[in-house]
Amino acid sequence: MIQNIRSRGAEFQKFQVLKTNRNKRHRYREFFVEGVRNLNQAVENGWEVSSLLFPSDRKLSGWAEAMLSSVNTQVNYRMPGQLLDELSGKEDGSELMAVVKMRTGGLSRLDKPACPLWVLFDRPSNRGNLGTLLRSCDGFGAHGLILTGHGVDLYDPEVVTASMGSFFRVPAFQEENTEVQKFIAAMRQEYPGFRILGTTAHQEFPVFREDLRGPVLLMLGNETEGLSYGFKQSCDRLVTIPMAAGSSASSFNVACAGTVLLYEAMRQRESPKV
């Protein structure tokens, strides 16, 4: 079904709310998506698309036409290009945007392979960092990302855009600290040798000396304050990324640090044991 939008009425305002209002986004259980790669990954990975939005006064590409004809939606919305541009977060606008359903369930839906590599991000405060970390989790084979505490919304459009499609490939969940602690206790029982490694900017144990081949949860702290006390207490070890002697930098950006740690985990896991 196609519904025409000709003004900034109720439906148009709902789309604006999905982009800008965290509370209402979660009340509707829907979020806003744009970008070819993000839309392709949402469809390819089986996310439920509620609606596609497209212009009434512009010629669509073959890709957009194919999406409109093949993606099963509840209703699609056709509107003047000017209104579509107002919704877009891009300077040159998007020819196709989507409203996608949030997935239900929490840590019970986290992938649990034989040798898991999970990441926890405590109180993320920057949307770009979270999106970048999702890309790194995807690129280096992490089995899931857990977000804790009061921080940026996982479903914020800027997070989704920054992930460059990886948002739809990496199982990611926002959870209360108490639920995370229950999860940790359960995983210690389920996986012999399960390790929790926290990160710190202080000169602690170098990460390349830590064995990351076994079941592991990497904990990354808030950009300003680091890991909370409770999560530090849960760690088996605090690790650091050694920096060049004489460097004026005291620490890495949290997304960069997470990327380095994930690369080291992948490198170890793909290298033969000596």
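Structure: above.
Figured I'd write up the structure that's included with this text.

The rules behind these values
Residues numbered from 1 in each chain as written. Predicted model: local features only at pLDDT ≥ 70, side-chain atom pairs only at ≥ 80, totals over all residues. Heavy atoms only, no water. Helix = DSSP H or I, 4+ residues; strand = E, 2+ residues; numbered from the N terminus. Buried < 20%, exposed > 50% of the residue type's maximum accessible area, 1.4 Å probe, protein only. Pairing = 2+ DSSP bridges. Contact = heavy atoms within 4.5 Å. Axes fitted to C-alpha atoms, helices over the stretch in contact; angles between N-to-C directions.

Section: unusual backbone geometry
Consideration 1: The backbone phi angle of R29 is positive, close to 60°, even though this residue is not glycine.
Consideration 2: With a phi angle near 55°, R123 is a residue other than glycine that sits in the positive phi range.
Consideration 3: You can see R123 is positioned in the loop between β6 (117–122) and α6 (127–139).
Consideration 4: Residue class for R123 comes out buried when judged on its relative accessible area of 18%.

What to know about the sheet that holds strand β12 (residues 237–240)
Consideration 1: Taken in spatial order, the 7 strands of this open sheet run β8-β7-β6-β11-β9-β12-β10, and their pairing is parallel. Of all strands in the sheet, those with a lone pairing partner are β8 (172–175) and β10 (205–206), marking the two edges.
Consideration 2: Sheet topology note: the strand β7 (residues 144–148)/β8 ladder contains 4 bridges and is parallel. Across the sheet, L147 pairs through a bridge with Q174, a residue of β8.
Consideration 3: Contacts from helix α8 (residues 177–190) reach β6, β7, β8, β9 (195–199) and β11 (216–220), with the element oriented near 140° to β7.
Consideration 4: Across the sheet, helix α10 (residues 254–270) is in contact with β6, β9, β11 and β12; its angle to β11 comes to roughly 165°.

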